Each structure stands twice: as structure tokens, then as C-alpha cells.
Amino acid sequence: MKKDTHPEYRQVVFQDTSSDFKFLTRSTMSSGETIQWEDGNTYPVIKIEVSSASHPFYTGKNMFIDTAGRVEKFRSRYAKKEQNSAGKE
């Protein structure tokens, strides 16, 4: 095998920024930030926005999305385009 072709595989802490959940695993990702873990060692930390601690599928908490507002916004835009094209004819 060729040397220096594979990235370094090391222990890294992933931190969920929305729930402050952290877990230690192995990864090839790197970061300039470090954190001291529960075992006393210092590891690189990768900040993520969604993990099993904050994702609605795993937590059972559904986020309300205003789809009615989006539909009404689309209809109003489409109606304006129809009026403009009808007026040109």
C-alpha cells in the first residue's frame, strides 16, 4: 500500500449546537477547536446542527411548518402572473 494516501483516522468529539449533546467517535474530519472530554483527554471538536438528540424523528417533537402561508404566497404570485398575461392579450 502507498503511504500517506489515506486521511488520519482519529477520535473526535461531535457537538450538537442546538441541544449541547456531545459524543466521542472516530472520524477523519479535522478541526482547529478542541475540547476536554470526560476521560480527561483533549480531542478535536466538530460542531453539528442536528443529531439524534435534536432531530424530530428521534425526539418525537414535530416542528410546525407554516405550509398554508407558503401555498397562499404561491397562489398570490401565480394570480399576479395570470393577470399580467391576460392584460397583455
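Before going into details, it helps to say that this report is about the structure given with it. Please read all numbers here as calculations on a predicted model, not as lab measurements.

**Section: a positive patch on the surface**
Point 1. A cluster of basic residues, Lys73, Arg77, Lys80 and Lys81, forms a positive patch at the surface.
Point 2. As for its position among the elements, Arg77 is in helix α2 (residues 67–88).
Point 3. The class for Arg77 is exposed, based on a relative accessible area of 53%.

**Details of the pattern of salt bridges**
Point 1. For the coordinates displayed, the defined rule picks out two salt bridges.
Point 2. Between Glu8 and Arg10 there is a salt bridge, with its nearest N and O atoms 3.4 Å apart.
Point 3. Owing to a relative accessible area of 54%, Glu8 belongs among the exposed residues under this scheme.
Point 4. When the shortest N-O distance is used, the salt bridge between Lys47 and Glu33 registers 3.4 Å. On the criterion of sequence distance, the pair formed by Lys47 in strand β4 (residues 42–48) and Glu33 in the loop between β2 (22–27) and β3 (34–36) is long-range, its members being 14 residues apart.
Point 5. Overall, the relative accessible area of 49% leaves Lys47 in the partly exposed class.
Point 6. Judged by its relative accessible area of 41%, Glu33 falls in the partly exposed class.

Rules used in this analysis
Residues numbered from 1 in each chain as written. Predicted model: local features only at pLDDT ≥ 70, side-chain atom pairs only at ≥ 80, totals over all residues. Heavy atoms only, no water. Patch = residues over 30% accessible without salt bridge, like charges linked within 9 Å, V, L, I, M, F, W, Y side chains within 5 Å. Areas by Shrake-Rupley, 256 points an atom, 1.4 Å probe, with all protein chains shown as cover. Salt bridge = Lys/Arg side-chain N within 4 Å of Asp/Glu carboxyl O. Lys, Arg positive; Asp, Glu negative; His and termini not counted. Charge placed at Lys NZ, Arg CZ, Asp CG, Glu CD. Helix = DSSP H or I, 4+ residues; strand = E, 2+ residues; numbered from the N terminus. Buried < 20%, exposed > 50% of the residue type's maximum accessible area, 1.4 Å probe, protein only.

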